[in-house]
Amino acid sequence: MSFYKKPYHTKCNMKVHGRRKLEDLDYQSLVHKLDKEVGFYIKKTFEVMPGVSRCYTCKTLHDTKEIQWGHFISRRYYAVRWDLRNSRPQCRGCNGPRSGEPMKFRQYLVEDIGEECVKDLESIAMMNGERNMPRETIIEQIKTYKGLNRKFKE
Ligand SMILES: [Zn+2]
């Protein structure tokens, strides 16, 4: 192999096979990435003690590994999908078969953040419907949450 070619190719390969930049990902991959970051953040922030979480709607305790990221307003509404006010930990039963327990969820949210805040959330969802969030906003949010989650991974 020629002396001067190798370093060039090594550099080149690193670029090709290195981690893909967020800007190069398609929309669904970006959504998936942000879901992972925010879901992790929610579970960690609401832990009652390390490794233990309480379901927001039925109040039972679970291993954080078993807990899910629940939404008051469906995640189909992108404008509130990653809104922390709309996000709480839920057990599989509440988040799945019990369809998220929206009535209990709303009642506890009102107690938590106040009626005005809950109404604000509802009107954001109503106004935006299921319209997608702009790519740039998602990319920005991924970076923000990656930073916030760092403290949980140390
Ligand atoms: Zn539950």
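Residues numbered from 1 in each chain as written. Predicted model: local features only at pLDDT ≥ 70, side-chain atom pairs only at ≥ 80, totals over all residues.

**Let's talk about the overall build of the protein**
Let me state the cut-off plainly: Helix and strand assignments come from DSSP, with helices taken as H or I runs of at least 4 residues and strands as E runs of at least 2, each series counted from the N terminus. Working definition of a contact: two residues with C-beta atoms, positioned from the backbone, lying within 7 Å.
Helix and strand counts for the protein stand at 7 helices and 4 strands. Taken from N to C terminus, the helices and strands of the protein fall in the order α-α-β-β-β-α-β-α-α-α-α. In the protein, the share of contacts with a sequence separation of at least 24, taken over all contacts with a separation of at least 6, comes to 71%.

**Focus: the packing of helix H2 (residues 27-45) against helix H7 (residues 135-153)**
The criterion, for reference: Between N-to-C directions, angles cover 0 to 180 degrees, with each direction set by a line fitted to C-alpha atoms, over the stretch in contact for helices. Crossings are assigned a handedness: left-handed for a near helix turned anticlockwise from the far helix by less than a right angle, right-handed for a clockwise turn. Each residue is assigned to one of three groups, with Ala, Val, Leu, Ile, Met, Phe, Trp, Tyr, Cys and Pro labelled nonpolar, Asp, Glu, Lys and Arg labelled charged, and all others, Gly among them, labelled polar.
For the pair H2 and H7, the least separation of the axes is 9 Å and the interaxial angle reads 35 degrees. With respect to the hand of their crossing, H2 and H7 are arranged in left-handed fashion. Listed contacts from H7 to Tyr-27, Leu-30, Val-31, Lys-33, Leu-34, Glu-37, Val-38, Phe-40, Tyr-41 and Lys-44 of H2 are Arg-135, Ile-138, Ile-139, Gln-141, Ile-142, Tyr-145, Lys-146, Leu-148, Asn-149 and Phe-152. Tallied by class, the residues present in the contact of H2 with H7 amount to 13 nonpolar, 2 polar and 5 charged.

**Some remarks on the nonpolar core**
Where we set the bar: In this description, a nonpolar core means buried residues of the types Ala, Val, Leu, Ile, Met, Phe, Trp, Tyr and Cys, linked to one another by C-beta atoms lying within 7 Å. Three exposure classes are used, all based on how many other C-beta atoms lie within 10 Å of a residue's own C-beta (placed from the backbone): buried at 20 or more, exposed at 12 or fewer, and partly exposed between those limits.
Within the largest apolar cluster, 13 residues are counted, with the highest numbers of intra-cluster contacts made by Cys-55, Ile-73, Tyr-77, Val-80, Cys-91, Leu-121 and Ala-125. Ranked by the residues each element gives to this core, the list is headed by helix H6 (residues 115-128), at 3 residues. If near-sequence neighbours (up to four positions away) are discounted, Leu-121 is found in contact with Ile-73, Val-80, Asp-83, Arg-85 and Asn-86. Listed in part, the 9 residues of the second largest apolar core include Val-38, Tyr-41, Ile-42 and Ile-138.

**Focus on H7**
Where we set the bar: For a helix, the expected span equals 1.5 Å multiplied by the number of residues minus one.
With 19 residues, H7 extends 26 Å from end C-alpha to end C-alpha; this agrees with the ideal 27 Å at 1.5 Å per step. Within H7, the full set of buried residues consists of Ile-138, Ile-142 and Tyr-145.

**Observations concerning the environment of Val-80**
Following the sequence through the fold, Val-80 ends up in helix H3 (residues 78-81). Residue Val-80 is classed as buried on the basis of its 24 C-beta neighbours within 10 Å. For the pair Val-80 and Glu-130, spaced 50 residues apart in sequence, the C-alpha to C-alpha distance is 9.7 Å. Other than its neighbours up to four places away in sequence, Val-80 contacts Ile-73, Asn-86, Leu-121, Ile-124 and Ala-125.

**Remarks on unusual backbone geometry**
The bulk of non-glycine residues show a negative phi, and the bulk of peptide bonds are trans. With a phi angle near 55 degrees, Ser-99 is a residue other than glycine that sits in the positive phi range. Unusually for a residue other than glycine, Glu-101 sits at a positive phi of about 45 degrees. Counting through the fold element by element, Glu-101 comes out in the loop between helix H4 (92-95) and helix H5 (102-113). In this structure Glu-101 comes out as buried when scored by C-beta crowding, with 21 C-beta atoms within 10 Å.

**Section: the confidence of the model for the protein**
How we decide: Per residue, pLDDT captures the predictor's confidence, and it can take any value from 0 to 100.
Averaged over all residues, the pLDDT of the protein equals 90, while 88% of them reach at least 70. When the criterion is pLDDT under 50, residues 5-9 qualifies, and its contacts beyond four places in sequence or with other chains add up to 1 contact. Throughout residues 13-17 the model reports pLDDT below 50, and contacts reaching past four residues in sequence, or to other chains, amount to 0 contacts.

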